[in-house]
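The residues making up each chain are set out below.
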Amino acid sequence: MVNSASMTSILVLNGPNLNLLGTREPDIYGATTLAELEELCSGWGEALGLAVSCAQSNHEGELVDALQAARATHAGFIVNAGAFTHTSIALLDAIRGVALPTIEVHLSNIHGREEFRHHSYIAQAAIGVVAGFGIDSYRLALEAMARHLSSASSNAGA
Ligand code: DQA
């Protein structure tokens, strides 16, 4: 067991309709519930030395508030903005404004789906995007975040 006080904090933020995971279009999004996914993210994070906190909202403004509030306490964000990915300049601006490393994730491969899902506002502010691997998209994003933060801190010490 790693002492969480010494771990870097990451916020995993899920947007609209992701509270329905497990029952929502399981052929696309899988059978894992949001609570199970959040538990998995905590475990994956802990193994990487990251203290993961999770939040979900169906409301754009609450997602903006969550990003702003996490600014003081977190080192980075993993964001699945759901449908707001494709519509929300407010979330793009929040991520740019808070200026913490952000990785965009999607359970599904948004580029293999309807045209309107191909464009992401979030991607413009993200250090990278992981899409199409189901819940593994979050595991891969946490791994990428751990590497990004450790290379950023070793560069800072160089
Ligand atoms: C999603 C993809 C979005 O297009 C969709 O609106 C979602 C989920 C995904 O994780 O695959 O709600 O972000």
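The residue numbers shown here count from 1 along each chain, following its written sequence. Only residues with pLDDT of at least 70 get local features here, since the model is predicted, and only at 80 or more are side-chain atom pairs given and counted; chain-wide, interface and lining totals rely on the full set of residues. To get the side-chain values, all heavy atoms of the structure are used, and hydrogens and water are removed first.

**Topic: the packing of helix H3 (residues 60-70) against helix H4 (residues 89-98)**
Angles shown run from 0 to 180 degrees and are taken between the N-to-C directions of axes, each axis being a line fitted to C-alpha atoms and, for helices, limited to the stretch in contact. The helix and strand labels rest on DSSP assignments: H or I over at least four residues marks a helix, E over at least two residues marks a strand, and numbering proceeds from the N terminus. It is the contact of H3 with H4, at a shortest axis distance of 9 Å, that shows an interaxial angle of 5°. Considered as vectors, H3 and H4 are oriented roughly parallel to each other. For the pair formed by H3 and H4, the contact residues are Glu60, Leu63, Val64, Leu67 and Gln68 on the first element and Ala90, Leu91, Ala94, Ile95 and Val98 on the second. Its residues assigned to classes, the contact of H3 with H4 comprises eight nonpolar, one polar and one charged. Put simply, angles under 35 degrees are roughly parallel, angles over 145 are roughly antiparallel, angles from 65 to 115 are roughly perpendicular, and the rest are oblique. We call two residues in contact when some of their heavy atoms are within 4.5 Å. Residue classes follow a fixed rule: Ala, Val, Leu, Ile, Met, Phe, Trp, Tyr, Cys and Pro count as nonpolar, while Asp, Glu, Lys and Arg count as charged, and any other residue, Gly among them, counts as polar.

**Quick word on unusual backbone geometry**
Unlike most non-glycine residues, Asn17 shows phi in positive territory, near 75°. As for its placement among the helices and strands, Asn17 is situated in the loop between strand E1 (8-14) and helix H1 (26-29). Look at Glu25: it is not a glycine, yet its phi comes out positive at around 30°. Structurally, Glu25 can be placed in the loop between E1 and H1.

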